[in-house]
Amino acid sequence: MVSRVDLHLHSTASDGVFSPAEVVRKAGYLKLKYMALTDHDSVDGIAEALAEAEKFPSMTVIPGVEMSTDVAAGDVHILGYFIDWQDPELIRRLKIMRISREDRGQAIVERLRELGMPLEWERVKEIAGEAVIGRPHIAQAMLEKGYIKYLGEAFDKYISRGGPGYVERIKMAPAEAVALIRASGGVPVMAHPLTLPGYEKLIEELVPAGLAGIEVFYSSFKDWEIERLKLLAERLGLVATGGTDYHGLDPVTETMIGGQPVPLSAVEGLMARRP
């Protein structure tokens, strides 16, 4: 059964495979009631998504973003919902992050060359098109060269955090991202918290800074982990949200749009927290 809600979707505006319009169409054909486009450090796909959403009047597209932040223990991603995606300061800060992504992409290509897997940077840019260059674009170039057998293998073996081809990028602190989302009229939520050691302490620290929710219903979380996160959200007065984190990378291993059950209360809770 397809969920009526998916609050974590990516497109070619960052590192997804499908265009914003295609993502909206997929969600619309599945009869979702609410979806959020949450590209990494980018709001470039929102205008296209909202325009396509006019063809699906029973579905609401929530303007969103997923901001990359950093703490000593690793990556922390902060989702922003109902943002003013045309806010000049938000756009300026995201542009800095995107430039960092391109610099990082070139560094990853160089690292892969040192590992015996040379790629042409111009080909990576062609694959990315108008989108910000991300690791999936590099993975596609690796697949074309025959270095991997499927896209996910690039991440599993080479370009995920800790892999031999991984390169860090410029990031901001989680509290900065929370503040920036709040300033743009949005509602900040921590994405997939279980991927970070010591997540409970960080969440508790971010609540006074304005964190409004945590991603509880996530495709890789076990039932008991979801229950634990629900209790944490309840204890801290946070909205329990969720989504598939769909990128369109691998239909065999990836959870498809609407494939993660998310209650309508997640959207209702976010709406209640809007400034």
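Under an unreviewed UniProt entry, the name given to the protein is Polymerase/histidinol phosphatase N-terminal domain-containing protein, and the organism recorded is Dehalogenimonas formicexedens.

Draft legend 1. Spotlight on the UniProt feature "domain: Polymerase/histidinol phosphatase N-terminal" (unreviewed entry) in the protein. As recorded in UniProt, the sites labelled "domain: Polymerase/histidinol phosphatase N-terminal" (unreviewed entry) are residues 5-71. With 27% helix and 31% strand, residues 5-71 has its two end C-alpha atoms placed 30 Å apart.

Draft legend 2. Structural context of the sheet that holds strand β5 (residues 187-190). Taking strand neighbours across the sheet as the criterion, the 7 strands line up as β1-β2-β3-β4-β5-β6-β7 in an open arrangement whose pairing is mixed. Strands with a single pairing partner mark the edges of an open sheet, and in this sheet they are β1 (5-9) and β7 (239-243). Averaged over all neighbouring strand pairs, the angle between strand axes comes to 35°, with direction disregarded. In this sheet, β5 lies alongside strand β4 (residues 74-81) in antiparallel orientation, the contact comprising 4 bridges. Residue pairing for β5: Y81 is matched across the bridge by V187. Across the sheet, helix α2 (residues 46-53) is in contact with β2 (34-37) and β3 (60-71); its angle to β3 comes to roughly 155°. Contacting β1, β2, β3, β4, β5 and β7, helix α10 (residues 264-272) crosses the sheet at an angle of about 125° to β7.

Draft legend 3. Local environment of the pairing of β3. Burial runs high along β3: 9 of the 12 residues are buried. With 4 bridges joining them, β2 and β3 adopt parallel strand pairing. Its bridge partner being in β3, L37 is matched across the sheet by P63.

Draft legend 4. Molecular detail of the packing of aromatic side chains. Applying the stated rule across the entire model yields 3 aromatic pairs. Here F18 and Y246 contribute two aromatic rings whose centre-to-centre distance is 6.4 Å and whose plane-to-plane angle is 5°, an arrangement assigned as stacked. In this pair, F18 is assigned in the loop between β1 and α1 (20-29) and Y246 in the loop between β7 and α10, connecting sequence segments 228 residues apart. The ring of F18 has K26 sitting right over it, with the charged end atom 4.2 Å from the ring centre.

Draft legend 5. Seen up close, helix α9 (residues 223-236). Taking 1.5 Å of rise per residue, the 14 residues of α9 would be expected to cover 20 Å, and the 20 Å separating its terminal C-alpha atoms lies within 8% of that figure. Among the residues making up α9, those that are buried are E225, I226, L229, L232 and A233. Down the axis of α9, the buried set is contained in an arc of 120°. They therefore lie on one face. In α9, the exposed positions angled more than 90 degrees off the buried face are occupied by D223, W224, L231, E234 and R235. Just beyond α9, the residue with positive phi is G237, at close to 70°.

Draft legend 6. Representation of the pattern of salt bridges within the structure. Counted under the stated rule, the structure contains 16 salt bridges. Where salt bridges share partners, they join E200, E204, R228 and R235 into one cluster.

Draft legend 7. Seen up close, α1. For α1, the complete set of buried residues consists of P20, A21, V23, V24, A27 and G28. Considered in projection along α1, the buried side chains sweep an arc of 160° and stay on one side of the axis. Elements in contact with the buried residues of α1: β1, β2, α2 and β3. Among the residues trailing α1, K31 stands out with phi positive, at a value near 65°.

Draft legend 8. Region of the structure containing the environment of I91. With respect to the secondary-structure elements, I91 resides in helix α3 (residues 88-114). Given the relative accessible area of 35%, I91 is considered partly exposed. Sequence spacing of I91 and S184 is 93 residues, and the spatial spacing of their C-alpha atoms is 9.9 Å. Leave out the neighbours within four places in its chain, and I91 touches V43, W85 and Q86.

Draft legend 9. Representation of the packing of α3 against helix α5 (residues 135-145) in the model. Following both chains from N to C, one finds α3 and α5 inclined at 30°, their axes separated by 10 Å at the closest point. Overall, the two elements α3 and α5 adopt an arrangement that is roughly parallel. Two packed elements cross with a definite hand, and for α3 against α5 that hand is right-handed. Contacts from R104, G105, I108, V109 and L112 in α3 reach R135, I138 and M142 in α5.

Draft legend 10. Structural view of the pairing of β5. With burial as the criterion, each face of β5 is covered, one bearing V187 and V189 and the other bearing P188 and M190. Here 2 bridges tie β5 to strand β6 (residues 213-218), and the two strands are oriented parallel to one another. Within β6, the position partnered with M190 by the bridge is I214. As a crossover connection, the stretch from β5 through helix α8 (residues 199-206) into β6 is right-handed.

Reading the values: rules and limits
- Residues numbered from 1 in each chain as written.
- Predicted model: local features only at pLDDT ≥ 70, side-chain atom pairs only at ≥ 80, totals over all residues.
- Heavy atoms only, no water.
- UniProt positions renumbered as here; feature names shortened; annotations may be inferred.
- Helix = DSSP H or I, 4+ residues; strand = E, 2+ residues; numbered from the N terminus.
- Pairing = 2+ DSSP bridges.
- Axes fitted to C-alpha atoms, helices over the stretch in contact; angles between N-to-C directions.
- Contact = heavy atoms within 4.5 Å.
- Buried < 20%, exposed > 50% of the residue type's maximum accessible area, 1.4 Å probe, protein only.
- Phe/Tyr/Trp six-rings, centres within 6.5 Å; stacked < 30°, edge-to-face > 60°.
- Lys NZ or Arg CZ within 6 Å of the ring centre and 35° of its normal.
- Expected span 1.5 Å × (residues − 1).
- Arc of directions from axis to C-beta.
- Salt bridge = Lys/Arg side-chain N within 4 Å of Asp/Glu carboxyl O.
- Parallel < 35°, antiparallel > 145°, perpendicular 65-115°, else oblique.
- Left-handed = near helix turned anticlockwise from the far one by under 90°.
- Right-handed = clockwise from strand over helix to strand, strands pointing away.

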